[in-house]
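Chains, contacts and geometry: an overview
Here are the chains, one letter per residue:
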Amino acid sequence: MTNILLIGHGAREDAIAETLKKNKDAKLFSFMKSKNPGISLLSEQIEIGSYSDLESIKNFAQKNKIDFAFIGPEDPLNEGVVDALQDIGISSIGPTKLMARLETSKSFTRELLDKYKIDGNPKYKVFNKNNLSEIKNFIDEFELIVIKPDGLTGGKGVKVQGDHFNTKEEAIEYCKEILESHQAVILEEKLDGEEFSLQCLTDGKTVVATPPVQDHKRAYEDDKGPNTGGMGSYSCENHLLPFLKKEDVKKALEITKKVAEAINQETGLYYKGIMYGGFILTKDGIKLLEYNARFGDPEAMNVFPLLKTDFVSICQAIIVQELGRIKVEFEKKATVCKYVVPEGYPNKPVKNEKIEVSIPKKGKMYYASVDEKEDGLYMTGSRAIAFLGIGNNLEEAEKIAEEATNSVKGKVFHRKDIGTKELIQKRMEHIKNIIE
Ligand code: GLY
């Protein structure tokens, strides 16, 4: 038997739990912030608690004789959960706090790429309270800029000129606001192109890519409305995306491999876990938007159900740094994931609203921000349930995902356009206009 500690409470962790449990020897012990019914069903034992309560996590791990831990979200990584478990002899899939800076500090990553001469950085500059006066000059250099707080913001702190603010004065005000709670703020030229996620597994020496996925950040159809954690995503049966060529994916993987090497040279340590690169295809080629030290949510749902290789063996190989010996394979299928979210999400979501859920006839369902109480299932205010369609092509997968969303009754909405021909066509035209 292999006792695995799974940390996290969302749909991403529900998909990870399902994948780990395909191995008959896997026993799951799950530590989560709120009770996810999907993960609970798959677990031998669960504990509800805070991700900053490292003592409780350690006690739960020791009590259940854990062989290794899988860390789902970024918050526990930022709290140093991997270091804490390491102190009691438990290895994790997930980087230590120092290495999780790949996600938790945007300035660390940008400067690492520069120092090791790795392609992918846009023009950028890091500002803090001491050089704030130079912001004006930087803004003047570019038509449009992006402002990123140097720290975790749940994917919602990034502001784009033209979308979230317009003038130089507004930009400076936002930077000042960020510096009240963060050490630094990063200003970058705004890149035009199509974004994609390349989620990679690594033991620090070998880097293996999962199929690329495109997420949809905006809350409403046709990419309108405020930014969210991601309303849905798709991947294609040829393990490319309609606007991506093989060499584009190769380039993104090459950047990630060089970053893994650079982290080793910089720290003397090996990064073990997930390197999820948010990339963008631009007229100047592939650029890096950011790295995350965990799987994407919803993007994890697009790749895990296609994994043909035993995931427990992959995790064990990462721990002993023998990932290079494993052939990691994915089914050649298309996937579409659609999130059902509370009305008003993301800015004013209804909370503690009960929903009725039935199992969809086709497609998969993963629980996210819901709380299972004695009298039923309640939404907690963030994305509630993810539905996944898998098919021989996008059309099939989209149809399955869309139909599956009907399984939820309550004060909810979702984006019907994700994975549709019309939206994909728009993406293709966008990239054609940029590149030609
Ligand atoms: N889908 C965006 C993220 O996981 O950060």
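See the structure shown above.
Described below are features of the structure shown in this document. (Residues numbered from 1 in each chain as written. Predicted model: local features only at pLDDT ≥ 70, side-chain atom pairs only at ≥ 80, totals over all residues. Heavy atoms only, no water.)

Observations regarding the overall build of the protein chain
Helix and strand counts for the protein chain come out as 14 helices and 25 strands. What you see for the protein chain is a C-alpha radius of gyration of 21 Å, in line with the 22 Å of a compact globule of 436 residues. C-alpha extents for the protein chain along the principal axes are approximately 60 × 50 × 40 Å. Among the 436 residues that make up the protein chain, the fraction classed as buried is 58%. (Helix = DSSP H or I, 4+ residues; strand = E, 2+ residues; numbered from the N terminus. Rg over C-alpha atoms; globule rule 2.2 N^0.38 Å. Buried < 20%, exposed > 50% of the residue type's maximum accessible area, 1.4 Å probe, protein only.)

Focus: the packing of helix α1 (residues 11-20) against helix α12 (residues 311-319)
Where α1 contacts α12, the axes come no closer than 8 Å and their chain directions differ by 100°. Judged by the angle between their axes, α1 and α12 are roughly perpendicular. From α1, I16, T19 and L20 reach across to α12, where they touch F311, V312 and C315. Taken together, the residues that form the contact of α1 with α12 break down as 5 nonpolar, 1 polar and no charged. (Axes fitted to C-alpha atoms, helices over the stretch in contact; angles between N-to-C directions. Parallel < 35°, antiparallel > 145°, perpendicular 65-115°, else oblique. Contact = heavy atoms within 4.5 Å. Nonpolar A, V, L, I, M, F, W, Y, C, P; charged D, E, K, R; others polar.)

A closer look at the site of the ligand
Around the ligand, the neighbouring residues are D215, G229, Y276, N292, R294, G296, D297, P298 and E299. A total of 200 Å² of accessible area belongs to the ligand in isolation, and the protein chains cover 89% of it. Here the residues of the shell around the ligand sort into 2 nonpolar, 3 polar and 4 charged. (Near = heavy atom within 4 Å. Areas by Shrake-Rupley, 256 points an atom, 1.4 Å probe, with all protein chains shown as cover.)

Regarding the sheet that holds strand β10 (residues 194-202)
Pairing is antiparallel in the open sheet, where 4 strands are placed in the order β11-β10-β16-β17. A single partner strand is all that each edge strand has here, and the edge strands are β11 (207-209) and β17 (285-292). Each strand of the sheet is rotated relative to its neighbour by a mean of 35°, with strand direction disregarded. Sheet topology note: the strand β16 (residues 273-282)/β17 ladder contains 7 bridges and is antiparallel. Each residue of the ladder has a partner; that of L281, found in β17, is I286. (Pairing = 2+ DSSP bridges.)

Some remarks on the sheet that holds strand β24 (residues 408-409)
The 4 strands are arranged β21-β22-β19-β24 in an open sheet whose pairing can be described as antiparallel. In the strand order of this sheet, the two ends are held by β21 (370-373) and β24, each with one partner.

Details of the pattern of salt bridges
A full pass over the atoms with the stated rule returns 32 salt bridges. Where K251 meets E254, a salt bridge forms, and the shortest distance between an N and an O atom there is 3.7 Å. With a gap of 3 residues between them, K251 and E254 both fall in helix α10 (residues 246-267), about one helical turn apart. Overall, the relative accessible area of 33% leaves E254 in the partly exposed class. When salt bridges that share partners are traced, they join E194, D223, R415, D417 and R427 into one network. (Salt bridge = Lys/Arg side-chain N within 4 Å of Asp/Glu carboxyl O.)

Re the pairing of strand β14 (residues 224-227)
The sheet contact formed by strand β13 (residues 218-220) and β14 spans 2 bridges and is antiparallel. Paired with Y220 across the two strands is K224, which belongs to β14. Turn length for the β13-β14 hairpin, with the two strands adjacent in sequence and antiparallel, is 3 residues, and the turn residue D222 shows positive phi of about 65°.

What about the nonpolar core?
Judged by nonpolar contacts, the single largest core of 103 residues is most densely connected at L5, V259 and F311. In contact with L5, not counting residues within four places along its chain, are F29, F31, I57, F60, A61, I66, F68, A69, F70 and L85. Counting residues in each nonpolar core, the second largest holds 16 residues, with I135, I139, I145 and I178 among its members. (Core = buried A, V, L, I, M, F, W, Y, C linked by side-chain atoms within 4.5 Å.)

A word on the pairing of β10
Across the 9 residues of β10, 8 count as buried, placing the element largely inside the fold. Looking at chain direction, β10 and β16 are connected through 9 bridges and run antiparallel. Among the inter-strand pairings, T202 is bridged to a residue of β16, identified as G273. Across 3 bridges, β10 lies against β11 in antiparallel orientation. Its bridge partner lying in β11, L201 is registered against V208.

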